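So you can see what is in the structure, the chains are spelled out below.
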Amino acid sequence: MDMFLYMDLDTMVHRLDPRTKLLLMLLSFALGVMYKNIVVLLAVLLIVLVYGEMGHILSNLKRIRVVLIMITLFSVVIWSIAESGETRFLIFSLEGVLYGVMIAVKTNLMIVAGMIFLSTTKIEEIAEGLVKLKVPYRGAFAFSTAIRLVPMIVATSYTIIQAQKSRGLDLESGNLFEKIKKYVPLMIPTLVSVIRGTNVFSMALESKGFGYSNTRSNFLKIKMSGIDYLMLIIGLVIVAAASYLKFDPAAYNTLITLFPWGDFA
Amino acid sequence: MKDVFAMWKNTKMVVLVALSAGLYAALLIPFKGFVLIPGITEIRPASALPVVMGLLFGPAGAWGSAIGNLIGDFFGSLGIGSLFGFVGNFMFAYVPYKLWTNLGLVSKNDNEPDLKSGRKIGAYVVVSILGSAACALPIAFGLELLGMVPFAALGSIITINNSVPSVFLGIPIMLILYPRIKKWDLLWTDIMDEEDIPVAGKLSKIGGSVMTVSIIVGLVGGFLAAIGVGQALLYSGFGAGGDVGSAGVLAIAGIGTAGLIISSFIQSMPKAESEG
């Protein structure tokens, strides 16, 4: 069962330091938050997609396409009704449609940036990156362990469901709420089974020296290289250019003159 | 907030953070498709867990809730909202275990969360709803601040979406889990060093009251201010439009959020400082 988005490839983006990829993701979040302009947001989305293509992971867009499509439909429909505008058709306004498109691009931009980060970075790299960013080791350990536990917990619950089905439990019939009602009691053995392992897990960790020292060595070594600094510089230059465009009245007015329909600042 | 940081020195608490986070994420992920607000929230039966984890595992449950929600976001909705989601879900588990002892809802001499009396079940319902609201407040405030989602709509949807499972599913889960957790010596008060466990003293009670007032003022006051600028509650909020990012809403919700965080520090004093 492949639950995670990570794709094991050997590309330039995969080889980047996890800190670089994390910071690039945060920079794309910042750009998404900074603007309420369709043209600028689409340009940023294009840059993010080019970055994703460099990592050869855009095929993962298929796995999150339902989320992306729902965000777009929801935003466009809701805002086309909610936003007042001069150009109206029945209960919809053209200005609202454009505003909805802007919100959809903004939200999808951040989700795609997050997807690229997760598709190109292993869990252990994220954990080690967090440690290098001064997140305490124990916090990073809990984070990475929790992610590793998710498939195990899902597998445990699947086993419990199969066991109950073999005893005649009918989980297929009924509407959504009836199904939820049937699934809820199955949570309990999963919870009990997972929590019961706490003492053994703790002893196993301590027997391996967990907590002996705050500074730990790690098999996985991550190091910033020239390409990391180059990518960070490119990211910062893009943010600086976007900030200039945003805060220089002359430049911003030129943008609005060129695309008067796309700005909602 | 001493207990929140002191717990990391205890290996069993670290393990409980990982297990709580894994359980929460594993229950969140299958429902990612049942979307309420795309990219922001969905139907969450998993919301039954943070209050239970908070009351049983204390700070480990709070960290587990925050990390578990972040991991859940990894499956298709990681974005700027995840940062506020981290804080909100931390509070979802943190507020109940703090207010359980510090709000005077249960007897000082019998404050174990075993839900064996009507008074304790009532207290559970109260702290669950306050925890749900404490989760909604920073998330709705943050996304209003960024001008992404209307405060009134998001705040009300999250509060209800969290309250219903945490009350209706949380109580039976708690009744079943508590005796086992107690038997296995996994209650956070049994695991942590005594000097790190806060007790209900004068300062703690003040902190608990400030926390409650901050949640109610921040959320309800924020709703009233938001309605004043044309927003509406629940899904009507998306149809109503209104001014997203207005100064009045941000001021009230911001004060509530700040009060929520500051009050956490006030009521975390260990025994000696709390009573001194």
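Residues numbered from 1 in each chain as written. Chains lettered and ligands numbered in written order. Predicted model: local features only at pLDDT ≥ 70, side-chain atom pairs only at ≥ 80, totals over all residues. Heavy atoms only, no water.

Visitor: Tell me what's going on with the overall build of chain A, and back it up with residues and numbers.
Guide: Scanning chain A for helices and strands turns up 11 helices and 2 strands. Listed by position from the N terminus, the elements making up chain A come as α-α-α-α-β-β-α-α-α-α-α-α-α. Viewed in the frame of its principal axes, chain A has a C-alpha envelope of about 65 × 55 × 30 Å. Summarising the internal contacts of chain A: among those between residues at least 6 apart in sequence, 73% fall at separations of at least 24. If the 25 positive side-chain charges of chain A are averaged to one point and the 18 negative ones to another, these points end up 9 Å apart. (Helix = DSSP H or I, 4+ residues; strand = E, 2+ residues; numbered from the N terminus. Contact = heavy atoms within 4.5 Å. Lys, Arg positive; Asp, Glu negative; His and termini not counted. Charge placed at Lys NZ, Arg CZ, Asp CG, Glu CD.)

Visitor: Describe the overall build of chain B, listing the residues and the values that go with them.
Guide: Across its full length, chain B holds 13 helices and 2 strands. By the burial criterion, 66% of the 276 residues in chain B qualify as buried. Intrachain contacts of chain B at a sequence separation of at least 6 include 78% that bridge at least 24 residues. Surface summary for chain B: the accessible area is close to 8900 Å², and the carbon and sulfur share equals 69%. (Buried < 20%, exposed > 50% of the residue type's maximum accessible area, 1.4 Å probe, protein only. Areas by Shrake-Rupley, 256 points an atom, 1.4 Å probe, with all protein chains shown as cover.)

Visitor: Which residues make up the pattern of salt bridges, and what values go with them?
Guide: In this structure the tally under the stated criterion is 11 salt bridges over all chains. Notably, a salt bridge pairs Glu172 of chain A with Lys165 of chain A, separated by 3.0 Å at the nearest N-O pair. Taking the relative accessible area as the measure of exposure, Lys165 of chain A reaches 31% and is therefore partly exposed. Notably, a salt bridge pairs Asp114 of chain B with Lys120 of chain B, separated by 2.9 Å at the nearest N-O pair. (Salt bridge = Lys/Arg side-chain N within 4 Å of Asp/Glu carboxyl O.)

Visitor: Kindly report on helix H12 (residues 247–266) of chain B, identifying the contributing residues and their values.
Guide: Residue and element names in this part refer to chain B. Here H12 is 20 residues long and its end C-alpha atoms lie 28 Å apart, about the 28 Å a rise of 1.5 Å per residue gives. Turning to H12, its buried residues number three or more, namely Val249, Leu250, Ala253, Gly254, Gly256, Thr257, Gly259, Leu260, Ser263 and Ser264. On its buried side, H12 packs onto helix H5 (81–102), helix H6 (118–145), helix H7 (151–168) and helix H10 (202–228). (Expected span 1.5 Å × (residues − 1).)

Visitor: Residue-level account of the packing of aromatic side chains, with values.
Guide: Enumeration over the complete set of coordinates arrives at 12 aromatic pairs over all chains. When the ring of Tyr137 of chain A is compared with that of Phe141 of chain A, the centres are 6.2 Å apart and the planes differ by 35°; the resulting orientation is tilted. Of this pair, Tyr137 of chain A and Phe141 of chain A are both found in helix H7 (residues 137–166), 4 residues apart, which corresponds to roughly one turn of the helix. For Phe141 of chain A, a relative accessible area of 14% corresponds to the buried category. Judged by centre distance (6.5 Å) and plane angle (55°), the rings of Trp63 of chain B and Phe86 of chain B are tilted. Here Trp63 of chain B is found in helix H4 (residues 59–73), whereas its partner Phe86 of chain B is found in helix H5, with 23 residues between them in sequence. (Phe/Tyr/Trp six-rings, centres within 6.5 Å; stacked < 30°, edge-to-face > 60°.)

Visitor: Give a detailed account of the interface of chain A and chain B, specifying residues and quantitative values.
Guide: Reports of interface size often rely on the accessible area that becomes lost once the parts have come together. Facing the 53 residues of chain A at the interface are 54 residues of chain B. Counting the surface lost from both chain A and chain B, the interface buries some 4700 Å², and carbon and sulfur atoms represent 84% of this. Looking only at chain A, the three residues that lose the most surface to chain B are Phe74, Arg138 and Ile195 of chain A, adding up to 12% of its buried area. On inspection of chain A and its partner chain B, the count reaches 0 salt bridges. Taken together, chain A and chain B are joined by 4 residue pairs in polar contact (both at pLDDT 80 or more). (Buried area = accessible area lost by both parts, 1.4 Å probe. Polar contact = N/O pair within 3.5 Å; in protein donor to acceptor, adjacent residues only side chain to side chain.)

Visitor: For the side chain of Asn108 of chain A, give the residues involved together with the corresponding values.
Guide: Within the secondary structure, Asn108 of chain A is located in helix H5 (residues 94–120). Not counting the four nearest positions on each side in its chain, Asn108 of chain A is found in contact with Leu68, Ile71 and Thr72 of chain A.

Visitor: How would you sum up the domain arrangement of chain A? Please name residues and give values.
Guide: Along its sequence, chain A is organised into domain 1 (12–121 + 223–258) and domain 2 (136–207). For domain 1 of chain A and domain 2 of chain A, the distance between their C-alpha centres works out to 36 Å. (Domains from an automatic or database assignment.)

Visitor: Explain the environment of Ser47 of chain B to me, using residue names and the numbers behind them.
Guide: Residues and elements named next belong to chain B. Mapped onto the secondary structure, Ser47 falls in the loop between strand S2 (41–42) and helix H3 (48–57). According to the relative accessible area criterion, Ser47 is buried, its value standing at 0%. Those residues in contact with Ser47 that sit more than four places away from it in its chain are Tyr24, Phe92, Asn161, Asn162, Pro165 and Ser166.

Visitor: Just give me the short version of the nonpolar core, but keep the residues and values in it.
Guide: Residue and element names in this part refer to chain B. Among the nonpolar cores identified, the biggest contains 159 residues, and Leu56, Phe90, Tyr94, Val95, Tyr124, Phe151 and Leu177 are the most heavily contacted of them. The element best represented in this core is helix H2 (residues 11–28), accounting for 14 residues. Filtering out sequence-adjacent residues up to four positions away, Tyr124 remains in contact with Ala48, Val51, Val52, Leu55, Trp100, Leu115, Ser166, Val167, Gly170, Ile171 and Met174. (Core = buried A, V, L, I, M, F, W, Y, C linked by side-chain atoms within 4.5 Å.)

Visitor: Could you give me a rundown of the packing of H4 of chain B against H5 of chain B, with the residues and numbers involved?
Guide: All names here are of chain B. Between H4 and H5, the least distance of the axes is 8 Å, while the angle of their chain directions is 150°. Taken together, the axes of H4 and H5 are roughly antiparallel relative to one another. In this structure, H4 meets H5 at a crossing whose hand is right-handed. Contacts between H4 and H5 involve Pro59, Gly61, Ala62, Trp63, Ser65, Ala66, Ile67, Asn69, Leu70 and Asp73 from the former and Ser82, Gly85, Phe86, Asn89, Phe90, Ala93, Tyr94 and Tyr97 from the latter. For the contact of H4 with H5, the class distribution of residues is 11 nonpolar, 6 polar and 1 charged. (Axes fitted to C-alpha atoms, helices over the stretch in contact; angles between N-to-C directions. Parallel < 35°, antiparallel > 145°, perpendicular 65-115°, else oblique. Left-handed = near helix turned anticlockwise from the far one by under 90°. Nonpolar A, V, L, I, M, F, W, Y, C, P; charged D, E, K, R; others polar.)

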